[in-house]
Amino acid sequence: MRKLSYIIGLGILFGCWACNDILDMDPENSVTFSNAMQTEREIEVGLGTIEKKIRDYSQDNQRIKPARAGRFASNIWGNSEQTLDQPYTYALCDWGNIYQIIASANIVLPYIDQVKMTRERRNFYKGQVYFFKAFCYYELIRRWGDCPYIGTQVELEPIAKSPWTTIADSAIYMAQMAADLLPELSQATKCDGGGISYKSTPVRGAANTLLAHLCAWKAGCKYLASRDENDYDEDELWQRAETACTDVIWSEEYELAATPEEVCTRVLVDGGKEAIFVSVFRNFWNEVGSNPFNVYATIYTTYPVKPMVGPGENRGWDAVSYQDVKAMYPGKDQRRNAYFYKPDSMNVQVVSEGGTPLYRDAFLYKWRKCVLETAGNDKGKFITFDQNMIWWRLADVILLRAECRCRLGNKKGAIDDLNTVRRRAGAADYKNTEYNGDLQRAIFKEREKELLLEGERYFDIMRNNYRKLDLRGNFVTLDDQDFVDGAFWNAVGSAAFARNTLMRQNTFWLKKM
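None of the values given here were measured: they were computed from a predicted structure. Residue numbers here run from 1 along each chain, matching the order of that chain's written sequence. Per-residue local features are limited, in this predicted model, to residues with pLDDT of at least 70; the limit for side-chain atom pairs, both in listing and counting, is 80 or more; totals at the level of whole chains, interfaces and linings are taken over all residues. Note: side-chain values were computed over all heavy atoms of the structure, leaving out hydrogens and water.

**Details of the sheet that holds strand E7 (residues 357-362)**
Paired through their backbone hydrogen bonds, the strands of a sheet run either parallel or antiparallel. The test is simple: Only strands joined by at least two bridges in the DSSP assignment are considered to pair. The numbering of helices and of strands both runs from the N terminus, where a helix is a DSSP run of H or I of at least 4 residues and a strand a run of E of at least 2.
Strand order in the open sheet made by the 3 strands is E5-E7-E6, with antiparallel pairing throughout. Two strands close off the open sheet at either side, each with one partner strand: strand E5 (320-321) and strand E6 (348-351). In this sheet, E7 lies alongside E6 in antiparallel orientation, the contact comprising 4 bridges. When the sheet's bridge partners are listed, Val350 is paired in E7 with Tyr359.

**Quick notes on the pattern of salt bridges**
Put simply, the test is: Should a side-chain nitrogen of Lys or Arg be within 4 Å of a carboxyl oxygen of Asp or Glu, the pair is scored as a salt bridge.
In the structure shown here, the tally under the stated rule is 43 salt bridges. Across the pair Glu456 and Arg142 runs a salt bridge, and its minimum N-O distance is 3.2 Å. Of the two residues, Glu456 sits in the loop between helix H17 (439-450) and helix H18 (457-464) while Arg142 sits in helix H5 (residues 119-143), which places them 314 residues apart along the sequence. One network of salt bridges, with partners in common, ties together Glu274, Asp333, Arg335, Lys366, Arg393, Arg422, Arg424, Glu434, Glu446, Glu450 and Glu454.

**Structural notes on the nonpolar core**
Under the convention used in this document: Side-chain atoms within 4.5 Å are what join buried Ala, Val, Leu, Ile, Met, Phe, Trp, Tyr and Cys residues into a set we call a nonpolar core. Buried, partly exposed and exposed residues are distinguished by accessible area as a fraction of the type maximum, computed with a 1.4 Å probe on protein chains only: under 20%, between the cut-offs, and over 50%, respectively. Residues are treated as being in contact if the distance between any of their heavy atoms lies within 4.5 Å.
In terms of nonpolar packing, the biggest core is built from 149 residues, with Ile43, Phe131 and Trp164 touching the most fellow members. Ranked by residue count, the leading element in this core is H5, at 12 residues. When near neighbours in sequence (up to four residues on either side) are disregarded, Phe131 contacts Ala178, Pro202, Ala206, Ala207, Leu210, Phe277 and Trp392.

**Describing helix H9 (residues 260-270)**
Listed as buried for H9 are Pro260, Val263, Cys264, Val267, Leu268 and Val269. Just downstream of H9 lies Gly271, where phi reads positive at about 115°.

**Here we look at the packing of helix H8 (residues 234-249) against helix H15 (residues 394-407)**
How two helices pack is summed up by the angle between their axes together with the distance between the axes. Put simply, the rule reads: The convention used is that axes are lines fitted to C-alpha atoms, helices contributing only their stretch in contact, and that angles between N-to-C directions extend from 0 to 180 degrees. For a crossing to be left-handed, the near helix must be turned anticlockwise from the far one by less than a right angle; the clockwise case is right-handed. Polar here means any residue outside two lists: the nonpolar Ala, Val, Leu, Ile, Met, Phe, Trp, Tyr, Cys and Pro, and the charged Asp, Glu, Lys and Arg; Gly therefore counts as polar.
One can describe the packing of H8 onto H15 by two numbers: an axis separation of 9 Å at closest approach and a directional angle of 145°. In the crossing of H8 with H15, the sense of the turn from one axis to the other is left-handed. Residues Asp235, Trp238, Ala241, Glu242, Cys245, Thr246, Val248 and Ile249 of H8 lie in contact with H15, whose contacting residues are Leu394, Val397, Ile398, Leu400, Arg401, Glu403, Cys404, Arg405 and Arg407. The class makeup of the residues in the contact of H8 with H15 is 10 nonpolar, 1 polar and 6 charged.

**Let's talk about the confidence of the model for the chain**
Do not read the predicted coordinates in detail wherever pLDDT is low. Condition: Every residue is assigned a pLDDT by the predictor, reflecting its confidence on a scale from 0 to 100.
The pLDDT averaged across the chain works out to 88; a share of 90% of its residues lies at or above 70. Below a pLDDT of 50 lies the segment residues 14-34, which in the model reaches 44 contacts outside its immediate sequence neighbourhood of four places, other chains included.

**Thoughts on the pairing of strand E10 (residues 389-393)**
For E10, the tally of buried residues reaches 5 of 5 residues, placing the bulk of the element in the interior. Pairing geometry for strand E4 (residues 275-279) and E10, over 4 bridges, is antiparallel. When the bridges of E10 are listed, Val278 appears paired with Ile390.

**Some details on the environment of Asn61**
Within the secondary structure, Asn61 is located in the loop between helix H2 (40-58) and helix H3 (88-91). Residue class for Asn61 comes out partly exposed when judged on its relative accessible area of 47%. Distance from Asn61 to Val295, taken between C-alpha atoms, is 7.2 Å for residues 234 residues apart in sequence.

**A word on unusual backbone geometry**
Omega for the peptide link from Lys65 to Pro66 comes to -5°, which places this bond in the cis form. Relative to the assigned elements, Pro66 resides in the loop between H2 and H3. The amide bond that connects Tyr303 to the next residue, Pro304, takes the cis arrangement and shows omega of 0°. Summarising the element assignment, Pro304 is placed in the loop between helix H11 (295-300) and E5. Phi at Leu453 is positive, roughly 60°, even though this residue is not glycine.

Rendered as structure tokens:
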């Protein structure tokens, strides 16, 4: 059974290859259990394939569930998703692509000890495996809560879900192992001795960022744990998260871009020094297709990035009004003119079909490097963004550390971190009169501003228990127990029940069936 599991897993792993520079595999007629990974180079290829699977996962349109319910938008009407009033069929979401990544990582792991290499190289590859698995479980517990835990081999037998808190513990352990084993970015090399090409290869900074987010998630979401799973010390987790953030900030491997404009023109394009973990799309747009890595960027971005979309078109709930832009980025905050296209002069009145004024539109300009059709009737039509997917960047880590410090009572340290991000933007320093003196709320709002539409807001709302402040409809009116039962999370997709007699539906969504 064990051998059969690995052969099936090899099909999962090598059914999808990475970019052309890591395709030099042993030229056998078929991939078998005995010849799949005989050299260090082939281990490297296997791990590169997992990097590609994560890139593919970033393009999955379902990845924005359930987080889309918490996206920032000025105009929301008729959208049951954002009021938690959608039918359960819409909440169904398949997690199979994430478990394929875990299975692929499990396939590589035993070969790392079989292939001859130095201890340093072995640790590097094992650290990557631990990182990839911890990353996947982080995605699973944020999006589905309770989920199955796969050990170190491909599971063929039915397996039940484990509590999300238990999964979090396993993911924290793996993220810590990754941080302990992986080198710093500047010390990471390929098997031929050359430096790594992209930040899609996990290194210590990425592992510590993942560790910090996992610890903060379990600490902040303790209120969502069932009674028999919530007996743990959240302060210990906040401290551990703060330490991991500090490791990244002090490492000198990463630094903030000079201005918000540079965030848009460099960091969100190819990563720059601010980016920590990246999936590579830049210059590979014709390989990966037109599916976006960031659905928010695609649906919010119109004029002038998409030349064939004129200003003034009603975009329903996928818009940010000029009024909100002014409120979010007042005074000398440079993010107003970096994240939006000439907002003070180019805001346009949008009206309904009947001529009723609706709102003054602001044009998102945060993602602007794109590919357009160059010939034919569709010349000038938007195809896709030619930018990398930035999973984490240093500003995120600095603000996460601010939240950790605030939770631990280190108000001065939290304010210092908050002001670090504000000063880069040219915004005013924090004053204790903001948000009625609620520093935690100020940090949340700063993450909302800095990471606008980067996909974190819904999860920040969950971690801070701000559903009644920042969401609407049933998110506000339902009982706390409904959220312990899974109202925040996706319903488990039907594919997970195939040949798995132990699978059970999310309690909240089961009541909706």
